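Okay, here's what each chain looks like letter by letter:
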Amino acid sequence: MGWEESSVTGYLHLKKGGSMRKNFLLLGILAIFLVSTAAWGQEAYIAQGKKEFTTSASITILPDMEGATMIMTTVMAGLGYFFSDNFELSVLLTNMYGKYSGEDEDSSGHLEVFYGQLQAKYYFLAESRVVPYIGVQAGGGVSDNGGTQGLGMCGGMFGFKYFWTEHTNIFVECQGNGYFTSDTQTGAILGTFGISYMW
């Protein structure tokens, strides 16, 4: 299969009997090449020495909390520093609050959690307007579930940032975390949406 160009119109026409799959493959390769070329030569949105202020909110799903289903609201805020063009360390404070309901009164109630955590993130495509990343985190704080007690947590994450200006971006992030107290252990999935400012 091949391409032939009309000398009159300058348009590209497919030869009769050409393979559409090959055509789409070529167009896909061309699109990737153009996007990659456009990214080259840009000043990186993420670079060593930059600092970042982040704020976000999320919905937390805790399907196994004492046999009950819980939906929690979460707010976070923190500061980060880029030690390289791809690596960032951040310190965040998180507050979570929710009510859960089970089959009886003993498995119903509320939970409030406050903790600080250290995050380490690795960013890909630092010169792109859309920047994907992965990371890990760990921290500790207190939880109130009818009584106050210490709390530990750790987990991982992935997400991406979209820069609409040189300094400001919105991001979407998915976290998978484990939470531990002296008498309970549970897991949580957080879907986070936020905004950050870099300078």
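Residues numbered from 1 in each chain as written. Predicted model: local features only at pLDDT ≥ 70, side-chain atom pairs only at ≥ 80, totals over all residues. Heavy atoms only, no water.

With that settled, consider the nonpolar core. By size, the foremost hydrophobic cluster in this structure holds 14 residues, and its most contacted members are M96, L111, V113, Y115 and Y179. Among the nonpolar cores identified, the runner-up in size contains eleven residues, and Y45, I46, Y133 and F171 belong to it. (Core = buried A, V, L, I, M, F, W, Y, C linked by side-chain atoms within 4.5 Å. Buried < 20%, exposed > 50% of the residue type's maximum accessible area, 1.4 Å probe, protein only.)

In total, this model carries seven aromatic pairs according to the counting rule given. Considering the side-chain rings of Y81 and F83, the 4.9 Å spacing of their centres and the 80° angle between planes classify their relative orientation as edge-to-face. Residue class for Y81 comes out partly exposed when judged on its relative accessible area of 34%. In this structure F83 comes out as partly exposed when scored by relative accessible area, which is 45%. A connected cluster of aromatic rings, assembled from ring pairs, spans F82, Y123 and Y133. It is K121 that lies over the ring of F171; its NZ or CZ is 6.0 Å from the centre. Over the aromatic face of F171 sits the side chain of K161, whose NZ or CZ is 4.7 Å from the ring centroid. (Phe/Tyr/Trp six-rings, centres within 6.5 Å; stacked < 30°, edge-to-face > 60°. Lys NZ or Arg CZ within 6 Å of the ring centre and 35° of its normal.)

So, on to the pattern of salt bridges. Here the structure, examined in full by the defined rule, presents two salt bridges. The closest approach of N and O atoms between K161 and E52, which form a salt bridge, is 2.7 Å. Here K161, found in strand 8 (residues 148-163), pairs with E52, found in strand 3 (residues 51-65); they are 109 residues apart in sequence, far enough to count as distant. Judged by its relative accessible area of 1%, K161 falls in the buried class. Between K121 and E173 there is a salt bridge, with the nearest N and O atoms lying 3.2 Å from each other. Here the residue K121 occupies a position in strand 6 (residues 109-123), and E173 occupies one in strand 9 (residues 168-180), the gap between them amounting to 52 residues. (Salt bridge = Lys/Arg side-chain N within 4 Å of Asp/Glu carboxyl O. Helix = DSSP H or I, 4+ residues; strand = E, 2+ residues; numbered from the N terminus.)

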